[in-house]
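Spelled out, the chains give:
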Amino acid sequence: MPRNTVGAQPDQSWAQDYYQPASPAGTWPAPPRAAKPTAKTAADHQPQRRTAKSRVDEWMDVDFKFGGSRIKRKAIALVLLGLPAPVPLFFMLPALLTLNSNTFAVSVDDTLGTGAEVCLFLCLLVTPMVTLTGQHWFVPLRRWYGIMMAATSIGDAVAASITDTFAGGVFGRVAGHVFELMGFFMVMLVIPIVCTSNPWAQRKLGKYWKRFQRLTYVIWGLLACHLMLLEGFGFESGNNGSGFAGDGDAIFHQRFYQYSACSLFLLTLRLPPIKRWIADRQKEGRMWLVWVTVAPIFALFLLGFVFILNEQIFKGIDSFTNNPSNE
Amino acid sequence: MTSEAYPGPARPGVTTGGVMIMAISCLSTLLLIAAFAYAAGVGQRHTAALAAADCEPNLSPSGQQCTTQPMMAAEYLALLAPASQQLTTDAAAYAANEGDHLAVAEAALTAEVAADRALGRSLAAFPFPAGIAPIAKGLIQANLARAALTAEQARASSLSRMQSFDRRVELADAAVQTEMTLVRTAVDAPLPGA
């Protein structure tokens, strides 16, 4: 059986991992090294992947009539899938409109911080889903979730700088503790990333654009440090430690564990040898093996993600009703 | 074409990627099994944790981690105090005007009815423990009866007719006060089983 080379190039594997414009893949600039002559044949390169549309991609590209205009199915699907992203900001809206500093001081970190984490994971989820399904219609969500992650985390930092109770003025409130400093670095990194996540910046930065967008991975790593420093590795025992033990599942509420459970899946499907292995199985027509192997990793991702969403929904509703929870 | 570029085995056996994903998959499976085993004991740990924190399990859904006896008493007082203050103010306004200003007296009674009904709604939503709930129900009913009577009084067309309700309202008020004392005693007392 010939060895499939679709996923065999680390350069191209990683090339999917940052924001891409919402336009179809055809407008995407070629990876910098794609033009260099290599020992590989032309068939090895990215265009082969881009021209091969899955049946779902083709179905999503079909347009239908809606209110006198024609809309692609994928536009509706993308809007529906993108709708949850601004919800964390929506949760804080009543507190903002009523200038309720108590709600901001008590729960903005949980509501917007968790919201930014959710958006980051959803943004990072796009590439593994492309790898697994071979579909590309949902790739624009990566950019949307990235932008919303930036908006949410910047909102969190601004609110914390005004309403937190830490000493040391504005800087003390956003970077007075080491875990806060990690969050501050994340926000400082997310600003240039979001400012350059547009076609104009992409053209201007050329081959450096992709490298620059890879700073998203630094944010991913800093989030690990942020959560480790915030909650440590342990979990609540009695009334001490992290993760609320009142409902009896303190481990599931431990934020670093949630992060790890989600990140395992997101990281695993980005590793070049694993992407090659999946591509080989796809080539052999043995996708069932991929699904069976990936299922537990994905289930672990879902387990972590469900508890992050649980936190987001409950803390968010408390914030929305101006009855903030300081759990 | 690709087979020329990458001459590999006819059927790739063990590859780095294969070993890695199998190992991660096995690790994930073990973690999932551990998670399910842990989840099986959630109920017991929940009860134990609340007991250790001196909480009553049925008092927890108020959005707090745990509601202890003093916390519940404080919450109940926090609910009652502003309502009582409002009712006292409205009653005083009625008493000052029942002799000569029909419109003002009517407005005071209408405000009293609104405050009474708001108190009734707050009491109905309050997470009373099972032992106190029946007593609280009595308070809610007495409060509703008083509100209905005051509303009827507010609709009176003359001052004399309005004043004719005073005695009945006083009795209804006394009934509410009695029920309030019962609830207050129950809330301040140690919870059953604590």
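Cut-offs applied
Residues numbered from 1 in each chain as written. Chains lettered and ligands numbered in written order. Predicted model: local features only at pLDDT ≥ 70, side-chain atom pairs only at ≥ 80, totals over all residues. Helix = DSSP H or I, 4+ residues; strand = E, 2+ residues; numbered from the N terminus. Buried ≥ 20, exposed ≤ 12 C-beta atoms within 10 Å, placed from the backbone. Contact = placed C-beta atoms within 7 Å. pLDDT = per-residue confidence, 0-100. Expected span 1.5 Å × (residues − 1). Arc of directions from axis to C-beta. Pairing = 2+ DSSP bridges. Axes fitted to C-alpha atoms, helices over the stretch in contact; angles between N-to-C directions. Parallel < 35°, antiparallel > 145°, perpendicular 65-115°, else oblique. Left-handed = near helix turned anticlockwise from the far one by under 90°. Nonpolar A, V, L, I, M, F, W, Y, C, P; charged D, E, K, R; others polar. Core = buried A, V, L, I, M, F, W, Y, C linked by C-beta atoms within 7 Å.

K.L.:
Before we go on, may I ask you to explain the overall build of chain A in this structure?
P.N.:
Along the backbone of chain A there are 17 helices and two strands. The 327 residues of chain A split such that 43% are buried. Taking the intrachain contacts of chain A between residues at least 6 apart in sequence as the baseline, contacts between residues at least 24 apart amount to 68%.

K.L.:
Mind showing me how you'd approach the overall build of chain B here?
P.N.:
What chain B contains, in helices and strands, is eight helices and zero strands. Along chain B, helices and strands appear, N-terminal first, in the series α-α-α-α-α-α-α-α. Here chain B holds 194 residues, and 23% of them are scored as buried. Considering only contacts in chain B between residues 6 or more positions apart, those separated by 24 or more positions represent 61%.

K.L.:
What should I look at first to understand unusual backbone geometry in this one?
P.N.:
Residues other than glycine predominantly adopt negative phi, and peptide bonds predominantly adopt the trans conformation. Phi angles above zero are rare outside glycine, and L99 of chain A is one such case at about 50 degrees. Assessed through the 8 C-beta atoms surrounding it within 10 Å, L99 of chain A is described here as exposed.

K.L.:
What is the right way to read the environment of I132 of chain B from this model?
P.N.:
Residues and elements named next belong to chain B. Structurally, the position occupied by I132 is in the loop between α5 (102–125) and α6 (133–154). The class for I132 is buried, based on 22 C-beta atoms found within 10 Å. C-alpha separation for the pair I132 and V183, spaced 51 residues apart in sequence, amounts to 7.1 Å. Sequence-distant contacts of I132, that is, excluding residues within four places in its chain, are made with V183, A186 and V187.

K.L.:
Explanation requested: the confidence of the model for chain A in the structure shown.
P.N.:
Of the residues in chain A, 80% have a pLDDT of 70 or more, and the chain-wide mean is 81. Under a pLDDT of 50 for its full length, residues 1–50 of chain A has, in the predicted model, 77 contacts with residues more than four places off or in other chains.

K.L.:
Whenever I open this one, helix α13 (residues 215–231) of chain A confuses me. Can you help?
P.N.:
Since one α-helical turn is 3.6 residues long, residues separated by three or four positions face the same way. Residue and element names in this part refer to chain A. Counted at 1.5 Å a residue, the expected span for α13 with its 17 residues is 24 Å, and the 24 Å between its end C-alpha atoms agrees. Turning to α13, its buried residues are T216, I219, L222, L223, H226, L227 and E231. Along the axis of α13, the buried residues cluster in a sector spanning 140 degrees; they form a single face. Where the residues of α13 are buried, they touch α7 (101–133), α10 (178–195), α12 (208–213) and α15 (255–268). Looking at the residues trailing α13, positive phi occurs at G232, about 75 degrees.

K.L.:
What am I meant to see in the confidence of the model for chain B here?
P.N.:
Regions with low pLDDT carry predicted coordinates that are not meant to be interpreted in detail. Residue and element names in this part refer to chain B. In the predicted model, chain B carries a mean pLDDT of 80, and 80% of its residues have values of at least 70. Per-element confidence in chain B ranges from a low mean pLDDT of 44 for helix α1 (residues 2–5) to a high of 94 for helix α2 (residues 16–40). Low pLDDT, under 50, characterises residues 1–8; the predicted model gives this stretch 17 contacts beyond four residues in sequence or across chains. Taken together, the stretch residues 59–64 has pLDDT below 50 and engages in 15 contacts with residues farther than four places along the chain or on a different chain.

K.L.:
Sorry, what's going on with the pairing of strand β2 (residues 69–72) of chain A here?
P.N.:
Successive side chains on a regular strand alternate, one facing one side of the sheet and the next facing the other. All names here are of chain A. Bridge count between strand β1 (residues 63–66) and β2: four bridges; the pairing is antiparallel. Bridging across to β2, D63 finds its partner in K72. In sequence, β1 turns back onto β2 through a hairpin of two residues, with G67 there showing a positive phi of about 60 degrees.

K.L.:
In this structure, what is going on with the packing of helix α4 (residues 73–82) of chain A against helix α8 (residues 140–163) of chain A? I would like to understand it.
P.N.:
A packed helix pair is summarised by two numbers, namely the angle formed by the two axes and the spacing between the axes. Residue and element names in this part refer to chain A. Packing of α4 against α8 leaves a shortest axis separation of 11 Å and a crossing angle of 30 degrees. In terms of axis orientation, α4 runs roughly parallel to α8. Like other packed secondary-structure pairs, α4 and α8 cross with a definite hand, here right-handed. For the pair α4 and α8, contact is made by L78, L81 and G82 and by P140, L141 and W144, respectively. Per-class residue counts for the contact of α4 with α8 are five nonpolar, one polar and no charged.

K.L.:
What's the story with the nonpolar core in this structure? I'm lost.
P.N.:
Among soluble globular proteins, nonpolar side chains are generally buried collectively. Among the nonpolar cores identified, the biggest contains 66 residues, and C119, L120, F121, C123, Y145, M149 and F265 of chain A are the most heavily contacted of them. Aside from chain neighbours lying at most four places away, what touches F265 of chain A is P128, I297, F298, L300 and F301 of chain A. Core analysis: the next-biggest nonpolar cluster, separate from the first, contains 15 residues, M72, A115, L119 and F128 of chain B among them.

K.L.:
Please clarify how the packing of α7 of chain A against α13 of chain A should be interpreted in this entry.
P.N.:
All names here are of chain A. Axis separation between α7 and α13 bottoms out at 11 Å; the angle between their running directions is 135 degrees. On the basis of the axis angle, α7 is oblique to α13. Every pair of crossing elements has a handedness; the one defined by α7 and α13 is left-handed. In contact with E117, L120 and L124 of α7, α13 contributes I219, W220 and L223. For the contact of α7 with α13, the residue count by class is five nonpolar, no polar and one charged.

K.L.:
Which parts of the structure should I look at to understand the environment of V42 of chain B?
P.N.:
Position of V42 of chain B among the secondary structure elements: in helix α3 (residues 42–52). V42 of chain B sits in the partly exposed class, given 14 other C-beta atoms within 10 Å. The residues touching V42 of chain B, leaving out its near neighbours within four places in the chain, are G248 and D249 of chain A.

K.L.:
What is the right way to read α15 of chain A from this model?
P.N.:
If you check α15 of chain A, its first and last C-alpha atoms are 20 Å apart, about what 14 residues at 1.5 Å a residue would give, namely 20 Å. For α15 of chain A, the buried fraction is high: ten of the 14 residues fall into the buried class. Those residues of α15 of chain A lying buried are R255, F256, Y257, Q258, Y259, A261, C262, F265, L266 and T268 of chain A. Against α7, α13, α14 (250–253), α16 (272–284) and α17 (287–320) of chain A together with α2 of chain B lie the buried residues of α15 of chain A.

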